[in-house]
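So you can see what is in the structure, the chains are spelled out below.
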Amino acid sequence: MPHVPDFIPGCTPDSAADPAADLAPGSAPASAQDFAPGSVPDGERLARAALTRLTEPGDETVGRWVRELGAAALVRGLTGAGPPPKGAREERLAGCRARAALLDPAGDLDAVARLGGRFLCPGDREWPGQLDDLGDARPLGLWVRGRANVRLWALRSVAVVGARACTDYGSHVAATFGAGLAERGWVVVSGAAYGVDGAAHRGALAAGGATVAVLASGVDVPYPRGHTELIDRIAEQGLVLAELPPGGHPTRSRFVLRNRVIAALTRGTLVVEAEYRSGSLVTARRARRLGRHTMGVPGPVTSGLSAGVHELLREEASLVTDADEVVELVGRIGELAPERRGPIVARDLLEPTAAGVLEALPGRGGGRLDDIARDAALSRDRTLAGLYELQALGFVERRGDLWQLAGPPSTSGTPKPPGRRPTVRRGGT
């Protein structure tokens with residue numbers, strides 16, 4: 001006889017015709033408040049919590065079944081307490097029935113509550129609506145540690161991901177971006193892994209900012225173990241999210257599926273370092289398919305850890321070099337990165353006539369007034385006025401009939417004060 005999950009409403013044979021069968025045991029009949037916008041009935045929450053243990057994250061078939069049958073009916077069908085969903089293979093049903101013996105969604109809800117957390121479902125006021133873009137691959141729910149509002153934080157968030165075995169360059173860049181985004185009021189989202197993920201989280205935390213870790217395990221199972229302290233700190237200062245129920249352990253496939261949540265949750269995904277075969281590239285490409293911004297930080301062309309990022313940039317991701325450029329892409333209209341230019345040197349401040357005269361002077365030796373006027377395409381009088389202005393500023397000096405640059409060529413174009421021999425380079429800055 002199949003295991004009957006008595007925590008799910010309507011699991012007894014007589015309940016099929018009971019109009020209150022979809023309520024949690026012992027609850028009052030459904031009221032308008034139970035189904036008010038942003039309110040999820042207890043029975044729905046229990047059923048979805050059960051499904052996070054019965055099924056794997058990101059299963060689009062399960063998502064379709066939930067959409068067609070409802071969560072409670074699907075739990076009954078998968079555990080043998082009701083008709084199985086259409087198209088369910090016996091192998092899948094056998095696996096679900098085996099897992100059903102361990103189901104205790106009320107206990108899971110209590111476990112996450114003891115951590116100061118909660119279980120969010122689609123329809124909750126705190127549910128981040130951008131996850132709905134995943135369609136049937138949308139999470140059945142999110143297990144949460146942390147006090148912040150998930151929906152509000154996700155509205156202004158950026159994913160920063162990359163290689164686990166990153167270089168010192170990658171770690172430094174990730175921490176710099178994490179801190180820079182946090183200082184600009186953006187939430188940094190990553191996967192709490194070694195390498196780029198951890199550096200991005202630490203950068204945000206060090207700046208006193210907000211960060212979110214999306215785990216491929218339960219929120220009470222820090223992974224990797226070496227990041228236990230980091231994940232606990234994120235839970236205190238930010239948010240830790242997971243699709244798996246308490247006690248859930250990560251697997252290779254769960255890491256890949258976790259990436260779709262990171263991609264959908266955020267306004268854009270930034271890849272710092274990644275090889276050609278990298279989960280970070282999976283995240284970025286999923287983000288692009290969802291209509292999110294994808295960004296990459298360039299690295300040395302000789303580094304295999306930058307090869308994947310460079311490939312992403314060739315696929316029309318945006319190249320960024322600092323947090324300002326990220327914000328310009330993902331932020332509101334008008335949040336522009338500052339104009340990039342080299343340092344201003346003294347010759348940049350010259351009037352056009354004086355600058356033209358300075359350009360016309362020979363780089364070596366000197367030149368006569370008539371020759372300089374011809375090369376500058378100016379009259380003799382205007383050229384002479386420009387030369388005296390340049391002499392007063394310390395750029396040139398006169399030796400008899402010749403005018404010449406004052407001193408040896410300079411790499412900065414900055415003159416020395418009058419009375420000293422300034423260093424000036426002929427040509428651009």
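Quick caveat: nothing in here was measured; it's all calculated off a predicted structure.

## Concerning the sheet that holds strand E1 (residues 118-120)
- Pairing within the open sheet is mixed, and its 9 strands lie in the order E1-E2-E6-E5-E4-E3-E7-E8-E9. The open sheet has two edge strands with one neighbour each: E1 and strand E9 (318-319).
- Relative to strand E8 (residues 293-296), strand E7 (residues 268-271) runs parallel, the two being bridged by 4 bridges. If you follow Leu270 over to E8, its bridge partner there is Met295.
- Of the strands in this sheet, E1 and strand E2 (142-145) touch helix H1 (residues 42-54), which is tilted by about 95° from E1.

## Topic: the packing of H1 against helix H5 (residues 105-114)
- Remark: H1 packs on H5, axes separated minimally by 8 Å, with the N-to-C direction vectors making an angle of 90°. Our classification of the angle between H1 and H5 gives roughly perpendicular. Between H1 and H5, the residues in contact are Leu46, Ala49, Ala50 and Arg53 and Pro105, Ala106, Asp108 and Leu109, respectively.
- Along the lines of polarity and charge, the residues of the contact of H1 with H5 split into 6 nonpolar, no polar and 2 charged.

## Focus on the sheet that holds strand E11 (residues 396-399)
- With respect to topology, 3 strands assemble into an open sheet ordered E10-E12-E11, the strand pairing being antiparallel. At either margin of the open sheet sits one strand with a lone partner, and together these are strand E10 (367-368) and E11.
- With 4 bridges connecting them, E11 and strand E12 (residues 402-405) associate as antiparallel partners. Looking at the pairing, Val396 lines up with Leu405 of E12.

## Concerning the packing of helix H11 (residues 279-289) against helix H12 (residues 304-314)
- Put simply, H11 and H12 touch, their axes get as near as 11 Å, and they point 15° apart. Accordingly, the angle class assigned to the pair H11 and H12 is roughly parallel. In this structure, the crossing between H11 and H12 has a hand that is right-handed. Side by side, H11 and H12 meet where Leu281, Ala284, Arg285 and Arg288 of the first sit next to Gly308, Val309, Glu311 and Leu312 of the second.

## Quick word on the pairing of E12
- Both E10 and E12 contribute to a ladder of 2 bridges, which runs antiparallel. For Gly367, the partnering residue across the bridge sits in E12 and is Trp403.
- Where E11 folds back onto E12 in an antiparallel hairpin, the turn is made up of 2 residues, including Gly400, whose phi is positive at roughly 65°.

## Some words on the nonpolar core
- With 34 residues, the main nonpolar core has Leu131, Leu241 and Val271 as its most contacted residues.
- Top contributing element to this core by residue count: helix H10 (residues 252-265), with 5 residues.
- Discounting residues that sit within four places of it in the chain, Leu131 has contacts with Arg138, Pro139, Leu142, Val261, Ala264 and Leu265.

## What to know about the pairing of E2
- Going residue by residue along E2, you find Leu142 and Val144 tucked away on one face and Trp143 and Arg145 tucked away on the opposite face as well.
- Two elements, E1 and E2, share 3 bridges in a ladder whose sense is antiparallel. Its bridge partner lying in E2, Phe119 is registered against Trp143.
- Bridge analysis of E2 against strand E6 (residues 239-242) gives 3 bridges, and the strand direction is antiparallel. Among the inter-strand pairings, Val144 is bridged to a residue of E6, identified as Leu241.

## Topic: helix H15 (residues 369-376)
- Here H15 has its buried residues at Leu369, Ile372, Ala373 and Ala376. Each buried residue of H15 lies within a common arc of 100° when the element is viewed along its axis, so the set occupies one face.
- Buried-residue contacts for H15 involve helix H14 (352-360), E10, helix H16 (380-392) and E12.
- Backbone geometry just after H15 places Ala377 at a positive phi near 60°.

Reading the values: the criteria
- Residues numbered from 1 in each chain as written.
- Predicted model: local features only at pLDDT ≥ 70, side-chain atom pairs only at ≥ 80, totals over all residues.
- Heavy atoms only, no water.
- Pairing = 2+ DSSP bridges.
- Helix = DSSP H or I, 4+ residues; strand = E, 2+ residues; numbered from the N terminus.
- Contact = heavy atoms within 4.5 Å.
- Axes fitted to C-alpha atoms, helices over the stretch in contact; angles between N-to-C directions.
- Parallel < 35°, antiparallel > 145°, perpendicular 65-115°, else oblique.
- Nonpolar A, V, L, I, M, F, W, Y, C, P; charged D, E, K, R; others polar.
- Left-handed = near helix turned anticlockwise from the far one by under 90°.
- Core = buried A, V, L, I, M, F, W, Y, C linked by side-chain atoms within 4.5 Å.
- Buried < 20%, exposed > 50% of the residue type's maximum accessible area, 1.4 Å probe, protein only.
- Arc of directions from axis to C-beta.

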